[in-house]
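Residue strings, one per chain:
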Number of protein chains: 2
Amino acid sequence: MHKMNSKNKTFIDKLRSSGLRPTNQRVEISKFLFNRKKTFHFTVEELKNSMNLKRSKKISTATFYNTVHALKSAGYLKEFSLENNTSYYDTNIKSHHHFFDNGKVIDIKSDKITFHKLPDAPKGKKIKNVEVVIRLENNN
Amino acid sequence: MHKMNSKNKTFIDKLRSSGLRPTNQRVEISKFLFNRKKTFHFTVEELKNSMNLKRSKKISTATFYNTVHALKSAGYLKEFSLENNTSYYDTNIKSHHHFFDNGKVIDIKSDKITFHKLPDAPKGKKIKNVEVVIRLENNN
DNA sequence: ACATACTTTAGAATAATTATAAACTAGTTA
DNA sequence: TAACTAGTTTATAATTATTCTAAAGTATGT
Ligand SMILES: [Mn+2]
Ligand SMILES: [Mn+2]
Ligand SMILES: [Zn+2]
Ligand SMILES: [Zn+2]
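As the structure is a computational prediction, the values presented were derived from the model and not from experiment.

What counts and how
Residues numbered from 1 in each chain as written. Chains lettered and ligands numbered in written order. Predicted model: local features only at pLDDT ≥ 70, side-chain atom pairs only at ≥ 80, totals over all residues. Heavy atoms only, no water. Near = heavy atom within 4 Å. Polar contact = N/O pair within 3.5 Å; in protein donor to acceptor, adjacent residues only side chain to side chain. Helix = DSSP H or I, 4+ residues; strand = E, 2+ residues; numbered from the N terminus. Least-squares fit on C-alpha atoms with pLDDT ≥ 70 in both. Contact = heavy atoms within 4.5 Å. Salt bridge = Lys/Arg side-chain N within 4 Å of Asp/Glu carboxyl O. Donors = N, O, S within 2.8 Å, 3.2 Å for Na, K, Ca; no water. Buried < 20%, exposed > 50% of the residue type's maximum accessible area, 1.4 Å probe, protein only. Axes fitted to C-alpha atoms, helices over the stretch in contact; angles between N-to-C directions. Parallel < 35°, antiparallel > 145°, perpendicular 65-115°, else oblique. Left-handed = near helix turned anticlockwise from the far one by under 90°. Nonpolar A, V, L, I, M, F, W, Y, C, P; charged D, E, K, R; others polar. Pairing = 2+ DSSP bridges.

Student: Provide a residue-level description of the protein's contact with DNA strand C, including the pertinent values.
Tutor: Neighbouring DNA strand C are 21 residues; A:Thr23, A:Arg26, B:Tyr65, B:His69 and B:Ser87 lie closest to it. For DNA strand C, the backbone makes up 79% of the atoms found within 4 Å of the protein, where backbone means sugar plus phosphate. Backbone polar atom of A:Ser60 to a phosphate oxygen of DNA strand C: 3.1 Å apart, as the coordinates give it. Taken together, the elements giving at least two residues each to the surface near DNA strand C come down to helix H2 (24-34) and helix H4 (61-73) of chain A together with helix H4 (61-73) of chain B.

Now the structure itself:
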């Protein structure tokens, strides 16, 4: 049952180092999420549907939620919000910015935006991070 | 039944000019939302609970949702998202920025943040607005 | 191989929101 | 002012995203 090639090794280590047993489901999900060049922004439903589409034995909804939460806790995913009441996840865990274009999300590297003026944190507080959303619309 | 003083006039006009009949419920909700000095950030549940607490005849959940949506469509409220799957509304309809401090939201006037560098919009697109979230944490 | 803690899963439960459709009301008109 | 009608409110059902539960299955250490 356990097919294991060297490609999976990375994902297995990633999971193990987070205290997660590398079950088949978790390895498959990790491969799907992290085995790509570009950042991936997704909802759990989207992830579930696109992965299960091509599988005979479906992974359960609960496992998708569990795994995404575990990867988020382990620091491999970041959560963010659009303005519909659904959680989105981001495979780019560095602090960065976004274009929002009608539900489509595009990364902006942190160094592409710099500030001329920023307010101080209220007393007793400090700034954890600063993230920018640039909302787009069609020309004309 | 219809108590109407000059204070309500403003709200009635606001509603009328948006094509909304100024029913008692809508006037009460508008007063509650807009009759204050500071920006108000809220969820529909929060609004409903705080308003209904002090009323003998409760306003229904559906009316809170309907009215908030109507006010949003009319441009009197803006919607935004924190990272739980709930919609928040903002009585400050101008483009502006926020501090997020453990679920607490604080306005930052637009002119308190200026940019040194900003990316261009992808081709075919233009920038609709730029909004910044500054996440806070406690000192030390 | 055995034990055991961890994991997966179907299904129930919950929370936020939207839809439905009957009763009610504001603004208009006769 | 009575009647009319379109718009509104409401209780309740339905939907969507998510979390919980507990039983069955599996990974890892011995
Ligand atoms: Mn929701
Ligand atoms: Mn939800
Ligand atoms: Zn991103
Ligand atoms: Zn605000």
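Picking up where we left off.
Student: Would you mind going over the relation of the copies chain B and chain A in detail, with residue names and values included?
Tutor: Overlaying chain B on chain A yields an RMSD of 0.1 Å, the required transformation being a rotation through 180° with an accompanying axial translation of 0.0 Å. The relationship between the two copies is best expressed as a two-fold rotation axis. When the interface residues of chain B are mapped onto chain A, 100% of them again fall at the interface, so both copies present the same face.

Student: Break down the side chain of A:His96 for me, with residues and values.
Tutor: Residue and element names in this part refer to chain A. Position of histidine 96 relative to the elements: it lies in the loop between strand E3 (87-90) and strand E4 (97-101). Engagement of the side chain of histidine 96 in a polar contact is seen with the side chain of aspartate 90, the distance being 3.0 Å. When neighbours within four sequence positions are excluded, histidine 96 is seen to be in contact with His41, Lys78, Asp90, Asp107, Ile108, Ser110 and Glu131.

Student: Give a detailed account of the interface of chain B and chain A, specifying residues and quantitative values.
Tutor: The interface is formed by 40 residues belonging to chain B together with 40 residues belonging to chain A. Connecting chain B to chain A are 4 salt bridges. The residue A:Glu137 makes a salt bridge to B:Lys126 at a minimum N-O spacing of 3.8 Å. Summed over the shared surface of chain B and chain A, the result is 22 residue pairs in polar contact (both at pLDDT 80 or more).

Student: How would you explain the coordination of the zinc ion (ligand 3) if you had to name every residue and give the values?
Tutor: Residues and elements named next belong to chain A. Protein coordination of the zinc ion (ligand 3) is provided by His41 (NE2), Asp90 (OD), His96 (NE2), His98 (NE2) and Asp107 (OD), with donor distances spanning 2.0 to 2.3 Å. Read in sequence order, the donor residues for the zinc ion (ligand 3) give the motif H-x48-D-x5-H-x1-H-x8-D. Histidine 98 matches histidine 96 in its accessibility class, with the two residues each being buried.

Student: Tell me what's going on with the packing of helix H3 (residues 44-53) of chain A against H4(A), and back it up with residues and numbers.
Tutor: Residue and element names in this part refer to chain A. Where H3 contacts H4, the two axes come as close as 10 Å, and the packing angle between them is 120°. When the axes of H3 and H4 are compared, the pair comes out oblique. The two elements H3 and H4 cross, and the hand of that crossing is right-handed. Contact with H3, carried on its side by Val44, Glu45, Leu47, Lys48, Met51 and Asn52, involves Thr61, Phe64, Tyr65 and Val68 of H4 and no other residues of that element. Classifying every residue of the contact of H3 with H4 by side-chain character gives 6 nonpolar, 2 polar and 2 charged.

Student: Residues and numbers for the sheet that holds strand E2 (residues 78-81) of chain B, please.
Tutor: Residue and element names in this part refer to chain B. Ordered in space as E1-E3-E2, the 3 strands form an open sheet in which the pairing is antiparallel. Here the strands that pair on one side only, and so sit at the sheet edges, are strand E1 (41-42) and E2. Summarising the sheet, E1 and strand E3 (residues 87-90) pair through 2 bridges and their orientation is antiparallel. Along E3, the bridge assignment pairs histidine 41 with aspartate 90.

Student: Hey, could you go over the pattern of salt bridges for me, with residue numbers and the actual values?
Tutor: All names here are of chain A. With the rule as written, the count across this model stands at 12 salt bridges over all chains. The partner of glutamate 131 in a salt bridge is lysine 78, and the shortest N-O contact between them spans 2.9 Å. In this pair, glutamate 131 sits in strand E7 (residues 125-138) while lysine 78 sits in strand E2 (residues 78-81), placing the two residues 53 residues apart along the sequence. The exposure class of glutamate 131 is buried, given its relative accessible area of 16%.

Student: Describe in detail the protein's contact with DNA strand D, supporting the description with residues and values.
Tutor: DNA strand D sits among 22 residues. The nearest are A:Arg16, A:Tyr65, A:His69, B:Thr23 and B:Arg26. Within 4 Å of the protein, the contacting atoms of DNA strand D are drawn from sugar and phosphate to the extent of 83%. Contacts to DNA strand D include A:Arg16, whose side-chain N or O atom sits 2.5 Å from a phosphate oxygen. At 2.7 Å from a phosphate oxygen of DNA strand D is found a side-chain nitrogen or oxygen belonging to A:Tyr65. Elements with a minimum of two residues in the surface near DNA strand D: H4 of chain A together with helix H2 (24-34) and H4 of chain B. If you tally residues by element for the surface near DNA strand D, the top one is H4(B), at 3 residues.

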